Amino acid sequence: MAKEDESNPYAQSEDLTELYKSWGIFDSMQVALEQLPNNYLHILNIARNLLDGKPIPGVDIPENFMGLLERDQKTVYEKRYVTRTWQQKTNFPSDSIKIRPIQSLRELPQVLPPYRLLKTTNPDIFAYKAITGNLPIIEQQKPRVQTEEKSETLEEVVPKLVKGMSKRQAVYALMDVSMSMAENYKLIVAKSILLAYFKKASEEDAQVYFRAFSGDAHGRTDCLSPDQFGPLARNVLGYPLSGTGTYIGNAVSVAIRDLFDMREERVRNGLETEILLITDCDSSDYLPIIPRSISLHTLHLNGGDETYHRNSEQRKLLTLFRSKSKTFTQLNTSGLNIPVDLEKQMMLREELEKLEEIHKEMDLAEIDKDKGFQKRVKKLAEMSKAYEKMFVENKEHKELSQKAQALRRKVSGEGLKKRLMEKLKAALSLKSSIQKRLKGLKLPSNDKLSGTLFDFRIRK
Amino acid sequence: MAKIEVDYLSDTALLTPLTGYQGLLETGKNKTSLDTFEAVDSLKGAMKNVSQRVVGRDKLVSQTLLALLTKEHQLIFARPGTAKSLYGKTVFGQFENAQTFSIQLSQGTTEEKLIGAYDLAMFNDGILWNKTEGSIITANFAFLDEFMDANDMVLRTLLGILNEREFINGQQHEKAKLHTAIATTNYLRVTDASEAVLDRMLFKARLNPEVDIFDQVLIDRVYSKHNGHVVAPDQYIPMEVLAELSGIVNGDNPNRLITASNAVLFLKNQLIRNFVEGVYEQRKQKDSKANRPYISPRTIAKSRNTLNASALLHGRFEVTGQDLSTLRYLLTTVQNDGGATTQNDEDESFLKALDDTLGAFSGKDLEDIEHLFKINDFYEAYRENRQIEAKKRDNIFKKPFTLLSEILGVTSWVEVNQNTFSNTLTAMNISNPEVQKVRESILHRIN
């Protein structure tokens, strides 16, 4: 365990700081913890470990492939502020139907039902109203969309680009989402690796492109700046399995065409671009010719089942994959096993005890003022909740999380109480000031002038 | 009975009886006419009934009382289940011989539902005539539920009736009897028509579903007693009493005029300006692109009636500075706070604006304002060719000689000209910049 700050026994431990930093991938998701399903957290947990160069428990990843995922050792972290701007569109469904007077006799079928009855009960009135435009008709309208420019500035802790650190300009990933990926944790591993790969690339300011495929190549998601990582990650995490059949060759062709369309000049100039293909190689077509400027990295998730590739056709396909890929990595995902992380549990418990001690010694005003303490409590509550969600069966994580949430509620409740008290005090003082002024207010009589240069009167 | 000390800033200030008298119940029964303040107390008693049936809504009830007295309308933003229908029925149920028109509006609601169907017999004779009997035109009160759901055609029809209190359709021209409408909605739809109608709703309130713990128990007690039904009052208030009182408030009764000094009207307008600025600042803090709040000239003009109502409710025929606090019911969207200690942002802005306004003008400033308007009144009379005379004020040494001359029949009053007014204005020693602006305006008119 890293050395703690000896001068302050209540300081946050360095290990915990590292853990929080490592969970930066969650911060960049731009989503509340409560909104994330438990299995997403497992995927994020694996991804953050991969970025830190730690292996996936039960899955043996070769070292050369880890190089694609692990953050550079020279990484220096920096705090940066990312301003995210977006257009928030709001639909107003209440305006989707409009009642307006009839404008043309062609609109007669749209006349409101009670008025249609008039045609039978009193045809004259109906005709009169129709001709004078005095019949209400119902008009279907498109929802009114109001677009509002929104922006927010987020604080992110990200690796700083330093000399000597690898820096790619564009990466492209293809993920197989055919039904065969459902077996043996293949999809979980694929998503975890993909997220680590994307995170690393986005931290290098590389442009990231992603497509999933099964029978067809699906729509593309781009992440052209680090602040777009959140939507991309949410897309990857929630991507469902679909389709019948797997056409890997088609998907790779689409990716190459995309890269040519987008980066024509760069690719022609021979600058390297890479495609990461994650699949179980159970394809119904062959790979196309891969241009020299593009490196294909293939990750073959075989799930431990070798029976797929026993026939000669499949073996031929695999050989082709190997020959066309710059790196070809085979992973057996069947052994994936994520044990309860007792070390993290201990770190979080220690932090909880420290924060509870600090809280005991603080009064209301101090708590409200000490934003650092509030942030620490909030972070602990969030992190312990994440571990509780990941390991729902584990009683210790649950208990730890409950205590952390209780402390957070207490701290924010006390802050709120303080602010309410201040507000009440201000309101009372304002009221007493008004009452005093009202009591002292003496309105002049408007009977006559006094003290002016002239006195006036109306001549009788 | 002893007069009760009123805290003008409390939520129940307008509902406090003037003399501890509990309404019309004991003394009014066999009377043929009512004293004005007895009538005021009887109306307060009726509103107290409402307050007891619809718990925790004192501010709302106070605002409704003002709407009734000023013959204006009230719009309530409320979510389902906040007893808004019960509220409307209970308020209007306090009045004798009153017809109430109730409707739940929707996009499909047609004009005829409000103003009555065409008279078929007249139609066959070539005359377009709506049978208005039982419609909103002939009703004293209207309860317009889900107001914003109405289509623009219906909202426009409502415009004339709510504001002009007239129904004009070709040959048909009828005076609407409508005294006050209470409209409810749970959202705001902004269209040209709805904005105009909203402006006609002088008083706006929001019913929050949250109530404090104490009120919740009271609600339970009332609910178990009446099971959510409207309960008839022990004694109704005759519609004529309400009409009489609102006539006084709106200045329609020349024998019972409520007066207000120029200074208090000046303070009222300053208060409105400060309030608008305060709310704007508050909104800008939350959203830099926030719009400045809009208070229409109609609302500003009608604020005088609110001051009159406040004076009458406090047992006076003269508006005083205390009545300025009543403008909170006009300028802000009142709401129950869900607890005794919290204040909403608008309320806070209002109190701050009131404090700033009262603190910004000294007694001398207010006297100057009064003089400025008085001089302006003489100038207006001069322009209307009335014979105005002026007399230069003497210093202490000259005064005895002037007195002597007057005794001897030599008058020092002389006819005025334009210069007399501008010289008097220029000679005034005014230190407050806001008051100086008033002087500049009058000088500009004179020169």
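The coordinates are above.
Conventions we followed
Residues numbered from 1 in each chain as written. Chains lettered and ligands numbered in written order. Predicted model: local features only at pLDDT ≥ 70, side-chain atom pairs only at ≥ 80, totals over all residues. Heavy atoms only, no water. Helix = DSSP H or I, 4+ residues; strand = E, 2+ residues; numbered from the N terminus. Buried < 20%, exposed > 50% of the residue type's maximum accessible area, 1.4 Å probe, protein only. Contact = heavy atoms within 4.5 Å. Arc of directions from axis to C-beta. Buried area = accessible area lost by both parts, 1.4 Å probe. Salt bridge = Lys/Arg side-chain N within 4 Å of Asp/Glu carboxyl O. Polar contact = N/O pair within 3.5 Å; in protein donor to acceptor, adjacent residues only side chain to side chain. Nonpolar A, V, L, I, M, F, W, Y, C, P; charged D, E, K, R; others polar. Pairing = 2+ DSSP bridges. Core = buried A, V, L, I, M, F, W, Y, C linked by side-chain atoms within 4.5 Å.

Enquirer: Whenever I open this one, the overall build of chain A confuses me. Can you help?
Expert: On a plain count of helices and strands, chain A comes out with 14 helices and eleven strands. For chain A, with 460 residues in total, the buried portion stands at 46%. Partitioning the intrachain contacts of chain A with sequence separation of at least 6 by distance along the chain shows that 77% fall at a separation of at least 24.

Enquirer: In this structure, what is going on with helix α8 (residues 229–237) of chain A? I would like to understand it.
Expert: Given 3.6 residues per helical turn, the α-helix brings residues three or four places apart onto the same face. Residue and element names in this part refer to chain A. Among the residues of α8, those classed as buried are F229, G230, L232, A233, V236 and L237. All buried residues of α8 fall inside an arc of 165 degrees around its axis, so they share one side. Buried residues in α8 make contact with α2 (24–27), α3 (38–51), α7 (186–203), β6 (207–213) and β7 (217–223).

Enquirer: Could you clarify how one ought to interpret the side chain of R200 of chain B in this entry?
Expert: Tracing the backbone through its elements, the reader meets R200 of chain B in helix α7 (residues 192–200). Aside from chain neighbours lying at most four places away, what touches R200 of chain B is E72, H73, L159, N163 and R298 of chain B.

Enquirer: Any chance you could explain the interface of chain B and chain A here in plain terms?
Expert: Accessible area lost when the parts come together is the quantity often used to give the size of an interface. Taken together, the contacts link 59 residues of chain B with 47 residues of chain A. Summed over both partners, the interface of chain B with chain A comes to about 5200 Å²; 64% of that surface belongs to carbon and sulfur atoms. Our enumeration of links across chain B and chain A arrives at three salt bridges. E112 of chain B is the partner of K129 of chain A in a salt bridge, and the nearest nitrogen-oxygen pair spans 2.8 Å. Between chain B and chain A we count nine residue pairs in polar contact (both at pLDDT 80 or more) in total. Counting only elements with at least two residues in the side of chain B that touches chain A, the list comes to α4 (111–115), α5 (120–124), α10 (262–286), α13 (345–360), α14 (363–383), β13 (388–392) and α16 (418–427) of chain B. The class makeup of the residues in the side of chain B that touches chain A is 25 nonpolar, 17 polar and 17 charged. Of the strand pairs in this sheet, strand β11 (residues 454–458) of chain A and β13 of chain B are connected by five bridges, and their pairing is antiparallel.

Enquirer: Is there a simple way to explain unusual backbone geometry in this structure?
Expert: For residues that are not glycine, phi is negative in most cases, and the peptide bond is trans in most cases. Despite not being glycine, Y185 of chain A has its phi angle at roughly 60 degrees, a positive value. Note on placement: Y185 of chain A falls in the loop between β5 (170–176) and α7. Taking relative accessible area as the criterion, Y185 of chain A reaches 41% and is therefore assigned partly exposed. Phi at N385 of chain B is positive, roughly 65 degrees, even though this residue is not glycine. Inspection of the secondary structure assignment puts N385 of chain B in the loop between α14 and β13.

Enquirer: Teacher, can you tell me more about the nonpolar core here?
Expert: Where a protein is soluble and globular, its nonpolar side chains tend to be buried together. One finds F456 of chain A together with Y87, L324 and F421 of chain B to be the most contacted residues of the largest nonpolar core, which totals 94 residues. The greatest single-element share of this core, amounting to nine residues, is contributed by α10 of chain B. F421 of chain B has contacts with F456 of chain A together with I375, F378, Y379, Y382, I388, V416 and I446 of chain B, leaving out every residue within four places of it along the chain. F26, V189, L237 and I358 of chain A belong to the second largest nonpolar core, which has 76 residues in total.

None of this, on its own, says anything about what the molecule does.
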